[in-house]
Amino acid sequence: AQSVSQHNHHVILSEAASLELGCNYSYGGTVNLFWYVQYPGQHLQLLLKYFSGDPLVKGIKGFEAEFIKSKFSFNLRKPSVQWSDTAEYFCAVNRDGGYNKLIFGAGTRLAVHP
Amino acid sequence: GAVVSQHPSWVICKSGTSVKIECRSLDFQATTMFWYRQFPKQSLMLMATSNEGSKATYEQGVEKDKFLINHASLTLSTLTVTSAHPEDSSFYICSARDERTQYFGPGTRLLVL
């Protein structure tokens, strides 16, 4: 069965630190990849997505993610985090075409200290 | 960007009553909508996939007679929790698919007393 693993459940950083959140998936076919963010008390928002093309994807708020097919990974990065980045981050994957069910990772809770 | 709304945002009801939650795509048409539950400090659990004009597809373990889904138009899907019980208390989230991307609603918090 397809699965999505997010290695870090909780991450605590100081402002201006660099961030990398890991995401690995198990499906071997063509996939679409997503990172969503859920700020405290708010709904899920799309940060960025990858369908095809350049494996380095830039999203909103200075976030980027790199798709490495050989590693089945789609890690999220930000060079310098801000207090306002405190949120929960979810990686999600679906198979390209056909039944577009999203498979979510367990989420990573990020806390940024000012 | 694509906007999805849900109504109500929260509801409190007595055990045994039914609750209807609406999900609307405001600026795009969604052939497919999805319904999720999110438990505290956990990820989203897909309950069912709702296709306009046809029956919903439920995930394993989700009772279709308890969670009735209707997708009457390309911009509206409803989830009715029938004969709600306290264990149905949760955060229900819908999403609507625009081409290959799902956009999420703000969620509905249900508390069954």
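Below or above, wherever it landed, is the structure these notes cover. Residue positions are counted from 1 within each chain, in the order its sequence is given. Written order determines the labels here, with chains lettered from A and ligands numbered from 1. Whole-chain, interface and lining totals are the exception, using all residues; otherwise, since this is a predicted model, local features are given only for residues with pLDDT of at least 70 and side-chain atom pairs are given and counted only at 80 or more. Computation of side-chain values covers all heavy atoms of the structure but excludes hydrogens and water.

### With respect to the sheet that holds strand β1 (residues 4-7) of chain B
All names here are of chain B. Note the following rule: Pairing between strands is defined by DSSP: at least two bridges between the two strands are required. The numbering of helices and of strands both runs from the N terminus, where a helix is a DSSP run of H or I of at least 4 residues and a strand a run of E of at least 2. Under this scheme, a helix contributes an axis fitted over its contacting stretch, all axes are lines through C-alpha atoms, and angles between N-to-C directions fall in the 0 to 180 degree range.
As summarised here, the arrangement of the four strands in space is β1-β3-β8-β7, forming an open sheet in which the pairing is antiparallel. For this open sheet the edge positions go to β1 and β7 (67-73), each flanked by a neighbour on one side alone. The average undirected angle you get between the axes of adjacent strands in this sheet is 15°. When β1 meets strand β3 (residues 19-25), the two strands line up antiparallel, connected through four bridges. Pairing of Q6 across the sheet is with C23, part of β3.

### With respect to the interface of chain B and chain A
Defined as follows: Whether two residues are in contact is decided by their heavy atoms: any pair within 4.5 Å suffices. Two parts lose some accessible area (1.4 Å probe) when they are put together, and adding that loss for both gives the buried area. Within this document, salt bridges are pairs made up of a side-chain nitrogen of Lys or Arg and a carboxyl oxygen of Asp or Glu, the two lying within 4 Å of each other. N or O atoms closer than or at 3.5 Å make up a polar contact, with two conditions inside protein: a donor-capable atom paired with an acceptor-capable one, and, for residues adjacent in sequence, both atoms drawn from side chains. As a working rule, the residues Ala, Val, Leu, Ile, Met, Phe, Trp, Tyr, Cys and Pro are called nonpolar, Asp, Glu, Lys and Arg charged, and the rest polar, with Gly in that last group.
Each side of the interface is counted separately: chain B has 20 residues, and chain A has 20 residues. Summing the contributions of chain B and of chain A, the shared interface buries around 1600 Å²; its carbon and sulfur component is 53%. On the chain B side of the contact with chain A, B:S43, B:R100 and B:F104 bury the most area, a combined 36% of that side's loss. Counting the contacts that link chain B with chain A gives one salt bridge. Of the charged contacts, one joins A:K101 and B:E59 as a salt bridge, the two residues approaching to 3.0 Å between their closest N and O atoms. Joining chain B to chain A, the criterion identifies five residue pairs in polar contact (both at pLDDT 80 or more). Taken together, the elements giving at least two residues each to the side of chain B that touches chain A come down to β4 (32-38), β5 (44-51), β9 (90-98) and β10 (101-104) of chain B. No other element matches the four residues that β10(B) contributes to the side of chain B that touches chain A. A class-by-class count of the residues in the side of chain B that touches chain A yields eight nonpolar, eight polar and four charged.

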